[in-house]
Amino acid sequence: MYDEKSTIQRIEKDIELFTKNIKEIESIKIDDNENEIIERARSYFEDTKYYLEKQDYITSFGCATYAHGLLDAIRLLHDII
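Summary of the structure given here.

Conventions adopted
- Residues numbered from 1 in each chain as written.
- Predicted model: local features only at pLDDT ≥ 70, side-chain atom pairs only at ≥ 80, totals over all residues.
- Heavy atoms only, no water.
- Phe/Tyr/Trp six-rings, centres within 6.5 Å; stacked < 30°, edge-to-face > 60°.
- Helix = DSSP H or I, 4+ residues; strand = E, 2+ residues; numbered from the N terminus.
- Buried < 20%, exposed > 50% of the residue type's maximum accessible area, 1.4 Å probe, protein only.
- Salt bridge = Lys/Arg side-chain N within 4 Å of Asp/Glu carboxyl O.

Side note on the packing of aromatic side chains
Argument step 1. With the rule as written, the count across this model stands at three aromatic pairs.
Argument step 2. With a centroid separation of 4.5 Å and 15° between ring planes, the pair formed by Phe-18 and Phe-45 is classed as stacked. Pair noted here: Phe-18 is in helix H1 (residues 4–24) and Phe-45 is in helix H2 (residues 32–53), with a separation of 27 residues, a long-range link. An identical accessibility class is assigned to Phe-18 and Phe-45; each is buried.

Okay, here's the thing in structure tokens:
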């Protein structure tokens, strides 16, 4: 069953996790292609917050998922996870 409060809490947790994970990659050397992927992840992250504010939780969660996936790809390439 859908629970709005727990959905919002889940999205907020994803926002915290993304913020933590993006800081992990700030100190590594990345190439231009990787930088483009990171910028796309940041864009999806901003969309996550935007849609959360608009109370469009499904879109917000989808954006969070994309942001994490893109960032995880970079983290995997650099053996961070």
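Some remarks on the pattern of salt bridges
A side chain with one charge can pair with a side chain of the opposite charge if their charged atoms come near.
Argument step 1. This model, assessed by the stated rule, comprises seven salt bridges.
Argument step 2. Of the charged contacts in the structure, one is a salt bridge between Arg-10 and Asp-14, with a shortest N-O distance of 3.7 Å. Highlighted residues: Arg-10 and Asp-14, both in helix H1, separated by four residues, approximately one helical turn.
Argument step 3. The partly exposed category is assigned to Arg-10, whose relative accessible area is 46%.
Argument step 4. The buried category is assigned to Asp-14, whose relative accessible area is 9%.
Argument step 5. Salt-bridge contacts for Arg-75 lead to Glu-24; the nearest nitrogen and oxygen are separated by 3.0 Å. Pair noted here: Arg-75 is in helix H3 (residues 57–77) and Glu-24 is in helix H1, with a separation of 51 residues, a long-range link.
Argument step 6. The class of Arg-75 is buried, set by a relative accessible area of 7%.
Argument step 7. Residue Glu-24 is classed as partly exposed on the basis of its relative accessible area of 28%.
Argument step 8. Several salt bridges converge on common partners, so that one network encompasses Lys-20, Glu-24, Asp-72 and Arg-75.

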